[in-house]
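Letter by letter, the chains look like this.
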Amino acid sequence: MQIITGISELVVNDLNTLGALNVIEDAAVLVDDGRILWSGPSAQVDTALQDHLCDQNPTPAEVVNDDDIENGTLTSASAGVEVDTIDLGGKAVIPGFVDSHNHLIFAGDRSEEFAARMAGQKYSAGGIATTVAATRAASDEELEANLVHLMDQATRQGTTSFEIKSGYGLTVKDELRALQIINRHTEESTLIAAHVVPPEYKDNPEAYVDLVINEIIPAATGQAKWIDVFCEKGAFTEDQTRRIIEAGKAAGMKPRLHANQLTDGGALKLGAELGCVSVDHATFASDEDLAVLAAAGTVVTLLPSIEFSTRQPYPDARRYVEAGVRLAIATDCNPGSGFSNSVPFAIAIGVRDMHFTVEQAVWAATAGGANALQRTDVGHLGAGARADLAILDAPSYRHLAYRPGVQLVERVYRGGELVADNRPRS
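Figured I'd write up the structure that's included with this text. Computed from a prediction, not measured in an experiment: that's the story for all the values here. Numbers given to residues run from 1 along each chain, matching the order in which its sequence is written. Residue-level local features of this predicted model are given only where pLDDT is at least 70; pairs of side-chain atoms are given and counted only at 80 or more, and the full residue set underlies all totals for whole chains, interfaces and linings. Note: side-chain values were computed over all heavy atoms of the structure, leaving out hydrogens and water.

Here we look at the pairing of strand 4 (residues 84-95)
Here six bridges tie strand 1 (residues 2-10) to strand 4, and the two strands are oriented parallel to one another. Looking at the pairing, Leu10 lines up with Val93 of strand 4. Two strands qualify as a pair provided DSSP detects at least 2 bridges between them. Here a strand is any run of E in DSSP of at least two residues, a helix any run of H or I of at least four, and the numbering for each starts at the N terminus.

Below, the structure written as structure tokens:
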């Protein structure tokens, strides 16, 4: 068991209310078997510890159902257990970031394309084909090594949960091998074979849609938790998107959608109609779109670093909040439209340029990401949650937006295990 004390601010989070960080000052946390046993004021930690040690009918952590622990109490400690105390000396602690949208499995480099875009060229969906060629040519070992490298970078920035998409192979073989590699590193795997029409189907996109529906989705059944489509001009039409999402759902995959990134189309309404758990980008959204999404309870995942990298207009988060839309923030790390895997960077942009409050942005990148993945075991630090937490080299969570570009994540724990330590070596 671990006791973490000396916490200046502990962000606990209410999973249901945007911006409700439920901050506890001068806090402590009890961790056992990879779970949060208790979190609260430091003055109460001794009593909480004794309550757990004296419990004669403990409930082992391993039998807890993640879907039932949001408001639960977990007591797995027993007399004689060894207790390790960690005193943070006045640092803030937040839940590990839940990055619910990224594309980390690929090969190749598109920095030249980025430089050209910064020089005035317009971003379009077609650039994905460059990465497709490089990914197809890469070995499994090369793809996995790059994935692990990018995940390690993100972990050191505080990310403890990853959703990772395929989408740079666009053949049965290449999409399947991407999913197999992804599944070795996260349970949140997404099939997005409908990312762009590959070059060999340029003159017959309907044939590629048929390939996705009739061959790729069946081959990926049991390998992908989620199905996704890039519904956009230059990618896939609304009719094509509907057919692909429905085929994925029939194969047992949960739906999500890339929607309205580049144009003001009907993809957001379509996502709500199809029961998508999350619609992502939503850069262009009408009042009617937002009303439909709010009524459906669909999570809208905003991706600040994409607008930063493409110079697209920043959506105003205040409109989405006022419309009652559920929000998340993620990185969308990919080699083309935004090659940043830093959630703190996304938070800082979200606050400055999308008009999130600091509290809303931190919540959206933790609890909001959990909502976008239908998870109740991550994104918060209440009793029963997985012990995923980031220790900040700062007295307050507000420093994440207050000090952009500074490495503020000092240590990261996933499931109670130290997975990143950025402290200077003595």
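Structure's up, so let's keep going.
Things to note about the pattern of salt bridges
Here a salt bridge means any side-chain nitrogen of Lys or Arg lying within 4 Å of a carboxyl oxygen belonging to Asp or Glu. This model, assessed by the stated rule, comprises 28 salt bridges. As a salt-bridge pair, Glu188 and Arg375 come within 2.8 Å of each other at their nearest N and O atoms. Here Arg375 lies in the loop between helix 14 (367-372) and strand 13 (389-392) and Glu188 lies in strand 7 (residues 188-194), a separation of 187 residues in the sequence. Note on exposure labels: buried denotes an accessible area under 20% of the residue type's maximum, exposed denotes more than 50%, and partly exposed covers the range between, all computed with a 1.4 Å probe on protein chains only. By relative accessible area, Glu188 is classed as buried at 2%. As a salt-bridge pair, Asp388 and Arg386 come within 2.6 Å of each other at their nearest N and O atoms. Neither residue differs from the other here; Asp388 and Arg386 are each classed as buried. Linked through salt bridges whose partners overlap, the residues forming this network are Glu187, Glu188, Lys225, Arg375 and Asp377.

Brief notes about the sheet that holds strand 10 (residues 278-281)
Strand order in the open sheet made by the eight strands is 5-6-7-8-9-10-11-12, with parallel pairing throughout. Bordering the open sheet on either side are strand 5 (97-99) and strand 12 (326-329), each of which pairs with just one other strand. Between one strand and the next, the sheet's axes are offset by a mean angle of 25 degrees, whatever the strand orientation. To get an axis, fit a line to the C-alpha atoms, keeping to the stretch in contact for a helix; angles then go from 0 to 180 degrees between the N-to-C directions.

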